[in-house]
Amino acid sequence: MGIRLGCIADDFTGATDLANNLVRAGMRVVQLIDVPPAGADRPADTDIEADADTDTDTDLGVDADAVVIALKSRTVPAAEAVETSLRALAWLRAAGAEQIYFKYCSTFDSTPAGNIGPVTEALMDAIGADFTLATPAFPDNGRTVFKGHLFVGDVLLSESGMRHHPLTPMTDPNLVSVLGAQTTRPVGLIDHTTVAGGAEAIRARIDALREEGVGIAIADAVSDDDLLRLGSAVRELPLVTAGSGLAIGLPANWGIEPSPAAAQLPPAGGHRAVVSGSVSVATNRQVQEFLDSGRPAFSVDPLRIAAGEDVAGQALDFAEKHLADGPVLVYSTEAPDTVRTVQGRLGAAEAGELVERTLARVARGLVARGVRQLVVAGGETSGAVVQELGLTGLRIGPQIDPGVPWCAAALPDGDTLHLTLKSGNFGGPGFFTDAFALLDEEAS
Ligand SMILES: Nc1ncnc2c1ncn2[C@@H]1O[C@H](COP(=O)(O)OP(=O)(O)O)[C@@H](O)[C@H]1O
Ligand SMILES: O=C(O)[C@@H](O)C(=O)COP(=O)(O)O
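Computed from a predicted structure; not experimentally measured.

A.B. asks: Quick question: what am I supposed to make of the nonpolar core here?
C.D. replies: The nonpolar side chains of soluble globular proteins are, as a tendency, buried together. Leu22, Tyr101, Phe108, Leu366 and Leu374 are the most contacted members of the largest nonpolar core, which totals 117 residues. Looking at which element gives the most residues to this core, the answer is helix α12 (residues 348-368), with 7 residues. Residue-level mapping places this core at the junction of two domains, with at least three residues from each of domain 1 (5-261) and domain 2 (263-443). Counting residues in each nonpolar core, the second largest holds 20 residues, with Trp406, Phe431, Phe436 and Leu438 among its members.

Printed below as a string of structure tokens:
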């Protein structure tokens, strides 16, 4: 028997966010970094055991209810995002996935060129799906959708920090028009009154939209109850697209219930460090709180990298002196004005890449110096770090804050690394110390 749910996530923090919600709803989840090479059953160097005797073993040897394939496809050119997403789809279908879940950001990060629209349509074409729904709602993290408009906390998306995002600035809160600009299919709305009416009402609305020729519908959701109703209503859809929120309502469609045993990790050891390349509002607050506490921190300046200085080497020299009294923070996180100035000098994409490459080298150097508990902040940054560390799979552990679990990964030399990939806007102000406190609690 194959896996039930096959998931394609457009970035690495988003993938752990989705896996976290599925685990909390009781699913056994394997997260893979990138699409395994053709012919591979599962990553050879993860400690995720396949059990040949269980009836959920897939033909490809993955013993899980759901597999999340983490891509770094959010901000690459649309054609590339489509190509890797279709490869992920092919792998998941070969693993027996009964339903496909395309996960994007709860702030719907995209541009008029994509990638949410083009990837959704390519998946629909490949699956032969004439209809799917789209909802980034994640009320536990303050993302709600009402009358097709996305709110972040108490403000519209376009008034939130996302309007300043370096790669995907979000200036229109109306998701019907945002998605409509990225798709060839008409985009419709399943509004709050319909969702409040329950699964039957939602299915009736889906039928009506289909008859009108609508291919994709934004779904309102302002509470977990809305997401549970939507989850039940979409049982028969071969493809769903969403943030991580919809995941709370899907496991029940297979009769799966929450189980506390789903999130066990091995004990953690080694030094502690934080690498932050996120420039989001919440991360800025977390970095500030860490600096205010007087703990060791090294600031990475993109202009000095561009000038040819060995900034990664300097950061590692600094870290080496302080790791014994860790956690140590290495960060490029800055307020929007400073980031804009840097982008004006270097170009946004170039600055992003320079910083990502440097922080990834720092992460590799930290691990070489004995760090075995690592917090990484920012989706793009996490993608660069995970690739640089050569990780191929993650086990999902306990939740630190909504949307952010601890994970365990096997390093290429076989050692275990405890790792958390923090989405930019997730986590409380004390996240960079709370995360380690949770591991202490788990150990006691
Ligand atoms: N000081 C900086 N100046 C310019 N770009 C930066 C700076 N710090 C980080 N970046 C880039 O901004 C992007 C941040 O994206 P990401 O890591 O996904 O985090 P978030 O979305 O939370 O801001 C990355 O490409 C990163 O390299
Ligand atoms: O859905 C979400 O908000 C997150 O899972 C996510 O994808 C955030 O991405 P970054 O802000 O780039 O970390």
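A.B. asks: Can you walk me through the confidence of the model for the chain in this structure?
C.D. replies: Low-pLDDT stretches of the model should not have their predicted coordinates read in fine detail. Overall, the prediction assigns the chain a mean pLDDT of 92, with 94% of residues at 70 or greater. Predicted confidence for residues 43-60 stays below pLDDT 50, and this span has 45 contacts to residues more than four positions away or in other chains.

A.B. asks: Can you help me understand the packing of helix α6 (residues 199-211) against helix α7 (residues 224-233) in this one?
C.D. replies: The description of two helices packed together rests on the angle between their axes and the distance between the axes. Relative to each other, α6 and α7 sit at 60°, their axes nearing to 8 Å. The angle between α6 and α7 falls in the class oblique. For the element pair α6 and α7, the recorded crossing hand is right-handed. In this structure, α6 uses Ala199, Ile202 and Arg203 to contact α7, whose residues at the interface are Arg229, Leu230, Ser232 and Ala233. Looking at the contact of α6 with α7, its residues break down into 4 nonpolar, 1 polar and 2 charged.

A.B. asks: What's the story with the site of ligand 1 in this structure? I'm lost.
C.D. replies: Close contacts around ligand 1 come from 19 residues, with Ser278, Ser280, Glu356, Glu380 and Thr381 the closest. Within the side chain of His165, a nitrogen or oxygen atom sits 2.9 Å from an oxygen atom of ligand 1. For ligand 1, an oxygen atom lies 2.6 Å from a polar atom in the side chain of Ser280. When ligand 1 is considered free in solution it has 560 Å² of accessible area, and contact with the protein chains removes 96% of it. Listing elements by their share of the shell around ligand 1, those giving two or more residues are α11 (336-346), α12 and α13 (379-388). Here the residues of the shell around ligand 1 are counted per class, giving 6 nonpolar, 10 polar and 3 charged.

A.B. asks: I tried to follow the domain arrangement of the chain on my own but got confused; where do I start?
C.D. replies: Frequently, the measure chosen for interface size is the accessible area removed from exposure when the parts meet. Domain boundaries in the chain define domain 1 (5-261) and domain 2 (263-443). The straight-line distance from the C-alpha centre of domain 1 to that of domain 2 is 26 Å. Taken together, the 34 residues of domain 1 in the interface contact 38 residues of domain 2. With both chains or domains summed, domain 1 and domain 2 bury close to 3000 Å², and 56% of this area falls on carbon and sulfur atoms. Our count for the domain 1 to domain 2 interface comes out at 2 salt bridges. Sorting the residues of the side of domain 1 that touches domain 2 by element identifies α1 (12-24) and β2 (29-33) as the ones contributing at least two each.

A.B. asks: Is there a simple way to think about the pattern of salt bridges in this case?
C.D. replies: Where charged atoms of side chains with opposite charge meet at close range, the side chains can pair. Going through the model one piece at a time under the given rule, you end up with 24 salt bridges. Here Arg210 makes a salt bridge to Asp130, at a shortest N to O gap of 3.1 Å. Pair noted here: Arg210 is in helix α6 and Asp130 is in the loop between α3 (116-127) and β5 (132-135), with a separation of 80 residues, a long-range link. You can call Arg210 partly exposed: its relative accessible area is 33%.

A.B. asks: Any chance you could explain the site of ligand 2 here in plain terms?
C.D. replies: Near ligand 2 you find 14 residues, and of these Asp17, Arg74, Ser106, Gly379 and Gly424 are the closest. Between ligand 2 and Gly379 there is a distance of 3.0 Å, counted from an oxygen atom to a backbone nitrogen or oxygen. With the chains in place, 93% of the 360 Å² that ligand 2 exposes on its own is no longer accessible. With 3 residues, α1 is the single largest residue contributor to the shell around ligand 2.

A.B. asks: Any chance you could explain the sheet that holds strand β8 (residues 155-156) here in plain terms?
C.D. replies: Strand pairing in a sheet relies on backbone hydrogen bonds. The paired strands run either parallel or antiparallel. With antiparallel pairing, 3 strands are arranged side by side in an open sheet as β6-β7-β8. Each edge of the open sheet is held by one strand with a lone partner, namely β6 (143-146) and β8. Where strand β7 (residues 149-152) lies against β8, 2 bridges are found, and the strand directions are antiparallel. Its bridge partner being in β8, Phe151 is matched across the sheet by Leu156.

What counts, and at which threshold
Residues numbered from 1 in each chain as written. Chains lettered and ligands numbered in written order. Predicted model: local features only at pLDDT ≥ 70, side-chain atom pairs only at ≥ 80, totals over all residues. Heavy atoms only, no water. Core = buried A, V, L, I, M, F, W, Y, C linked by side-chain atoms within 4.5 Å. Buried < 20%, exposed > 50% of the residue type's maximum accessible area, 1.4 Å probe, protein only. Helix = DSSP H or I, 4+ residues; strand = E, 2+ residues; numbered from the N terminus. Domains from an automatic or database assignment. pLDDT = per-residue confidence, 0-100. Contact = heavy atoms within 4.5 Å. Axes fitted to C-alpha atoms, helices over the stretch in contact; angles between N-to-C directions. Parallel < 35°, antiparallel > 145°, perpendicular 65-115°, else oblique. Left-handed = near helix turned anticlockwise from the far one by under 90°. Nonpolar A, V, L, I, M, F, W, Y, C, P; charged D, E, K, R; others polar. Near = heavy atom within 4 Å. Polar contact = N/O pair within 3.5 Å; in protein donor to acceptor, adjacent residues only side chain to side chain. Areas by Shrake-Rupley, 256 points an atom, 1.4 Å probe, with all protein chains shown as cover. Buried area = accessible area lost by both parts, 1.4 Å probe. Salt bridge = Lys/Arg side-chain N within 4 Å of Asp/Glu carboxyl O. Pairing = 2+ DSSP bridges.

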